[in-house]
Amino acid sequence: MSKITSIDGRILYNSRGSDTIEVDIISENKFMGRVCAPSGASVGKYEAVSFPENSPETGLRRLKENAEKFIGLESSDMTAIYDALKSIDPTPNYSKIGGAVAFAVSIASAESASRAQNQPLFQTLSSKSNFKSPFPLGNILGGGAHAGPGTPDIQEILVCAIGAKTVRDAIKTNLLVHKELRNILESQDPHFTNGRGDEGGWAPKLNNEKALELSAKACENLGYTLGQEVSLGVDFASSTQWNTKSNTYEYSRAGFENSPAEQIEFVSEMIKKYKLIYAEDAVHEEAFEEMAELTAKFPDTLITGDDLTVTNKDILANAINLKSCNAAILKVNQAGSLYDAMKFAALADHNSIKLITSHRSGESTDSHITHIGLATGSKMLKIGIVGGERVAKLNELLRLSEHDLICGMAEV
Ligand code: PEP
Ligand code: MG
């Protein structure tokens, strides 16, 4: 038992240099959990708001004004922490206190409990007796909301070393593909600056098709066969392109529009041509029926909801009913608190929806989500390949792979 004895917080910066909130929770006057909240650039319409009235200061002030509500609670009691948060902010999307505060308070409390129990966080979060390492899924090329003009409209091209037998091999392979892609980009464009998007993927001036073609070439140059040692994935982040007035997907950088039916065709061609193992938000965030069409058509691809399901269990229940996806992103700050996210994970697990625990484009250097990915039985961890805030999470996965309770890689 370890009761919370103090709670404090401050404004810090995230990887984009934007303000964010960090919270310290101490139990028994000595066991500290410290968590800094991330935030997204391509944000789902139905996710928790990061900060009330767009102000990290307001979120932090409301937390400090209500600090007493947390004192004396059992730090491992996720429900009690959730109830305390809800007593301050009963709104469904944490609009009064902000998802950043809910994220930081709930995870810091669990971390404080794990320190009191003298065990790693993933073990505090799950009573399982054996865990599998999720495969790292990393961004090799960025576009959309994560990179500037001239880059592809689609947000992310990702690589996953699905043939790897160990975490180290998986990370190494992703790094090799990322490096080889740079070589190719330099050879194609002598003016390529080596610029990178928000999550560390290269940000070249290329259209969508060419970007995928060169990504596949990077894998092949290294002697890999797509679908064997490595596979590619795409986060289409289609809500970025979706225009609710014209009912079309506007690919403004490439200069074309897709009707909903053309979008399905566009995505299907990419999945087939590049043997994509992973397709995230291939249609916009309210297109549950079209997602279901893709899920039925591509049972061997992780047809994944991110903005579609926003780590919200009620929305996931609807997606499950409609068979809209076979995989879902878990981002704790989309849900708000860790309690909300764990409920989402349990529902996904119960319905054989594969989980992918994910970073945000604006990240901290924390690595709690690596533990959350392990505890939720996530098949993949979408945490990038390079950049300090990304590598921190990968390195934690490496450290944890030495733990006795972690045996082998997940089955994707
Ligand atoms: C994503 O869309 O999957 C993502 C990580 O980006 P963001 O954090 O900007 O939502
Ligand atoms: Mg996404």
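You'll find the structure just up there.
Cut-offs and rules
- Residues numbered from 1 in each chain as written.
- Chains lettered and ligands numbered in written order.
- Predicted model: local features only at pLDDT ≥ 70, side-chain atom pairs only at ≥ 80, totals over all residues.
- Heavy atoms only, no water.
- Core = buried A, V, L, I, M, F, W, Y, C linked by side-chain atoms within 4.5 Å.
- Buried < 20%, exposed > 50% of the residue type's maximum accessible area, 1.4 Å probe, protein only.
- Helix = DSSP H or I, 4+ residues; strand = E, 2+ residues; numbered from the N terminus.
- Contact = heavy atoms within 4.5 Å.
- 1 Å grid on protein atoms, 1.4 Å probe; cavity = no way out; pocket = protein on both sides within 12 Å on 5 of 7 lines; lining within 4 Å.
- Points joined across faces, edges and corners; volume = space filled by probe spheres on them.
- Nonpolar A, V, L, I, M, F, W, Y, C, P; charged D, E, K, R; others polar.
- Donors = N, O, S within 2.8 Å, 3.2 Å for Na, K, Ca; no water.
- Near = heavy atom within 4 Å.
- Polar contact = N/O pair within 3.5 Å; in protein donor to acceptor, adjacent residues only side chain to side chain.
- Areas by Shrake-Rupley, 256 points an atom, 1.4 Å probe, with all protein chains shown as cover.
- Phe/Tyr/Trp six-rings, centres within 6.5 Å; stacked < 30°, edge-to-face > 60°.
- Lys NZ or Arg CZ within 6 Å of the ring centre and 35° of its normal.
- Disulfide = S-S within 2.5 Å.
- Pairing = 2+ DSSP bridges.
- Axes fitted to C-alpha atoms, helices over the stretch in contact; angles between N-to-C directions.
- Expected span 1.5 Å × (residues − 1).
- Parallel < 35°, antiparallel > 145°, perpendicular 65-115°, else oblique.

1. What to know about the nonpolar core
Right, on to step 1. Of all hydrophobic cores here, the largest spans 73 residues; its most connected members are Leu212, Leu232, Phe236, Tyr278 and Met380.
Right, on to step 2. Broken down by element, this core gets its largest block of residues, seven residues, from helix 5 (residues 167-188).
Right, on to step 3. Those residues in contact with Leu232, other than ones at most four positions away along the chain, are Ile140, Leu158, Val159, Leu212, Ser215, Ala216, Cys219, Leu226, Leu276, Ile277 and Tyr278.
Right, on to step 4. With 54 residues, the next largest nonpolar core counts Ile7, Val23, Ala37 and Leu338 among its residues.

2. Structural notes on the environment of Gly197
Right, on to step 1. Assignment of secondary structure puts Gly197 in the loop between helix 5 and helix 6 (208-221).
Right, on to step 2. For the pair Gly197 and Ala147, spaced 50 residues apart in the sequence, the C-alpha separation amounts to 4.7 Å.

3. Some thoughts on the layout of surface pockets
Right, on to step 1. By volume, the largest pocket amounts to about 390 Å³.
Right, on to step 2. As for the largest pocket, its lining consists of 23 residues, and the residues nearest its centre are Lys128, Asp349, Thr376, Gly377 and Ser378.
Right, on to step 3. Broken down by secondary-structure element, the contributors of at least two residues to the lining of the largest pocket are strand 4 (131-133), helix 11 (338-350), strand 14 (354-358) and helix 12 (368-375).
Right, on to step 4. Here the lining of the largest pocket takes five residues from helix 11, the largest share from any one element.
Right, on to step 5. Residues of the lining of the largest pocket, tallied by class, amount to 11 nonpolar, six polar and six charged.
Right, on to step 6. For the lining of the second largest pocket, the elements supplying multiple residues, two or more each, are helix 2 (78-88), helix 9 (313-321), helix 10 (332-335) and helix 11.

4. Some points on the coordination of the magnesium ion (ligand 2)
Each donor-metal-donor angle would ideally measure 109.5 degrees in four-coordinate tetrahedral geometry, or 90 or 180 degrees in six-coordinate octahedral geometry.
Right, on to step 1. Here the magnesium ion (ligand 2) is held by Asp235 (OD), Glu280 (OE) and Asp306 (OD), and the distances to it run 2.0 to 2.2 Å.
Right, on to step 2. Expressed as a motif, the donor residue spacing for the magnesium ion (ligand 2) is D-x44-E-x25-D. One end of the pair, Glu280, is in strand 11 (residues 278-280); the other, Asp306, is in the loop between strand 12 (302-305) and helix 9, with 26 residues separating them in the sequence. Here the two residues Glu280 and Asp306 agree in accessibility, since each one is buried.

5. Considering the site of ligand 1
Right, on to step 1. In the vicinity of ligand 1, 15 residues are found, and the nearest of them are Ala41, Ser42, His146, Arg360 and Ser361.
Right, on to step 2. In this structure, an oxygen atom belonging to ligand 1 sits 3.0 Å away from a side-chain N or O atom of Glu280.
Right, on to step 3. Within the side chain of Asp306, an N or O atom sits 3.0 Å from an oxygen atom of ligand 1.
Right, on to step 4. Considering ligand 1 on its own, with 290 Å² of exposed area, one finds that the protein chains cover 99% of that surface.

6. Side note on the packing of aromatic side chains
Right, on to step 1. Applying the stated criterion to the full structure yields seven aromatic pairs.
Right, on to step 2. On the basis of an interplanar angle of 50° and a centroid distance of 4.7 Å, the ring pair of Trp242 and Tyr249 is categorised as tilted.
Right, on to step 3. Among the aromatic residues, ring-to-ring pairing joins Tyr251, Phe256 and Phe266 into one connected group.
Right, on to step 4. Against the face of Tyr94 rests Lys86, its NZ or CZ located 4.3 Å from the ring centre.

7. Remarks on the state of the cysteines
Right, on to step 1. Applying the stated criterion across every chain yields a total of zero disulfides.
Right, on to step 2. Sulfur of Cys219: no disulfide; nearest cysteine sulfur belongs to Cys160 and is 11 Å away.

8. With respect to the sheet that holds strand 5 (residues 135-142)
Right, on to step 1. Ordered by their spatial adjacency, eight strands build a closed barrel running 5-6-7-11-12-13-14-15, and the pairing between neighbours is mixed. Taken pair by pair, the neighbouring strands of this sheet meet at an average axis angle of 30°, ignoring direction.
Right, on to step 2. The pairing of strand 7 (residues 231-235) with strand 11 spans three bridges and is classified as parallel. Within strand 11, the position partnered with Val234 by the bridge is Ala279.

9. Section: unusual backbone geometry
Right, on to step 1. The phi dihedral of Val310 falls on the positive side, at around 35°, and the residue is not glycine.
Right, on to step 2. Tracing the backbone shows Val310 in the loop between strand 12 and helix 9.
Right, on to step 3. Residue Val310 is classed as buried on the basis of its relative accessible area of 0%.

10. Re the pairing of strand 2 (residues 19-27)
Right, on to step 1. Judged by how many residues are buried, strand 2 sits mostly within the fold: seven of nine residues are covered.
Right, on to step 2. Where strand 1 (residues 4-13) lies against strand 2, nine bridges are found, and the strand directions are antiparallel. By the bridge assignment, Ile11 is partnered in strand 2 with Ile21.
Right, on to step 3. Linking strand 1 back to strand 2 in an antiparallel pair, the connection comprises five residues, with Gly17 at a positive phi of about 80°.
Right, on to step 4. Two strands pair when backbone bridges link them, and strand 2 and strand 3 (residues 31-36) are joined in this way by six bridges, in the antiparallel orientation. Across the sheet, the residue bridging to Ser27 is Phe31, located in strand 3.

11. Details of helix 11
Right, on to step 1. Taking 1.5 Å per residue, 13 residues should reach 18 Å; helix 11 reaches 18 Å between its end C-alpha atoms and fits that length.
Right, on to step 2. Listed as buried for helix 11 are Leu338, Tyr339, Asp340, Ala341, Met342, Phe344, Ala345 and Ala348.
Right, on to step 3. Its side-chain oxygen 3.3 Å from the backbone nitrogen of Tyr339, Ser337 forms the N-cap of helix 11.

12. Points about the packing of helix 2 against helix 11
Right, on to step 1. One way to put it is that helix 2 packs onto helix 11 with a least axis distance of 8 Å and a crossing angle of 125°. Comparing the axis directions of helix 2 and helix 11 gives the class oblique. Residue-level contacts link Met78, Thr79 and Tyr82 of helix 2 to Leu338, Tyr339, Asp340 and Met342 of helix 11.

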